[in-house]
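Survey of secondary and tertiary structure
One letter stands for each residue in the lines below.
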Amino acid sequence: MVQKKELNASEVWKILLVFMVGLNLLSYFFKFPLLAYIGTGVGLVGLIFPSLGKLFAEGWMKFAGVLGKINGTILLSIIFFLFLFPLSLLQKLFSGKDNLRLKPPGKSNFITRKKTYQKEDLEKMW
């Protein structure tokens, strides 16, 4: 379980400033003035009432954490089911090789190597 980190005043101001500037930029680019009013309002409320600003910042961080978990799960699932799983099926269908050596070739999976080791083989093993 992750320990809850207490936000200090500097972090609260950073979160509020980023939120305010972000909403103002979105308002400018999408020509939607309501976003600028919301962003400025959040910044002013955080400036006038620091406890509300801290409450907003903590709520935003919780939302971001939940969104990160959901987003990561969705993206990893999409990558797995759209790319990795079909590739593994295609490899299994079109390749007759047993790359993982799951089926023993005979009585044993042991491979006998007839090699005379030199001094250089042991100097850089990895």
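Chains are numbered independently. Their residues run from 1 in the order of the written sequence. At least 70 in pLDDT is required for a residue's local features to be given in this predicted model, at least 80 for side-chain atom pairs to be given and counted, and no such filter applies to totals for whole chains, interfaces and linings, which use all residues. Each side-chain value is worked out from all heavy atoms of the structure, with water and hydrogens disregarded.

**What about the packing of helix α2 (residues 33-48) against helix α3 (residues 50-94)?**
Two numbers describe how α2 lies on α3: the axes approach to 5 Å, and their chain directions differ by 125 degrees. Classed by the angle they form, the pair α2 and α3 counts as oblique. On the side of α2, the interface is formed by V42, V45, G46, L47 and I48, while α3 contributes P50, L52, G53 and F56. Asp, Glu, Lys and Arg are counted as charged, while Ala, Val, Leu, Ile, Met, Phe, Trp, Tyr, Cys and Pro are counted as nonpolar; the rest, among them Gly, fall into the polar class. Looking at the contact of α2 with α3 residue by residue, the class counts come to seven nonpolar, two polar and no charged. Helix axes use the C-alpha atoms of the stretch in contact, all axes being lines fitted to C-alpha atoms, and the angles between their N-to-C directions lie in the range 0 to 180 degrees. Only DSSP runs of H or I covering at least 4 residues are called helices, and only runs of E covering at least 2 are called strands; the numbering of each starts at the N terminus. Any angle that falls under 35 degrees is termed roughly parallel, while one over 145 is termed roughly antiparallel, one within 65 to 115 roughly perpendicular, and all others oblique. Residues count as neighbours in contact if any of their non-hydrogen atoms are within 4.5 Å of one another.

**Focus on the pattern of salt bridges**
Think of a salt bridge as a Lys or Arg side-chain nitrogen and an Asp or Glu carboxyl oxygen that are within 4 Å of each other. Taken as a whole, this structure holds two salt bridges when the rule is applied. K115 is the salt-bridge partner of D121, the closest N and O atoms lying 3.7 Å from each other. When a residue's accessible area, from a 1.4 Å probe over protein chains only, is under 20% of the maximum for its type it is buried; when over 50% it is exposed; and in between it is partly exposed. Classification of D121 by relative accessible area gives partly exposed; the value is 29%.

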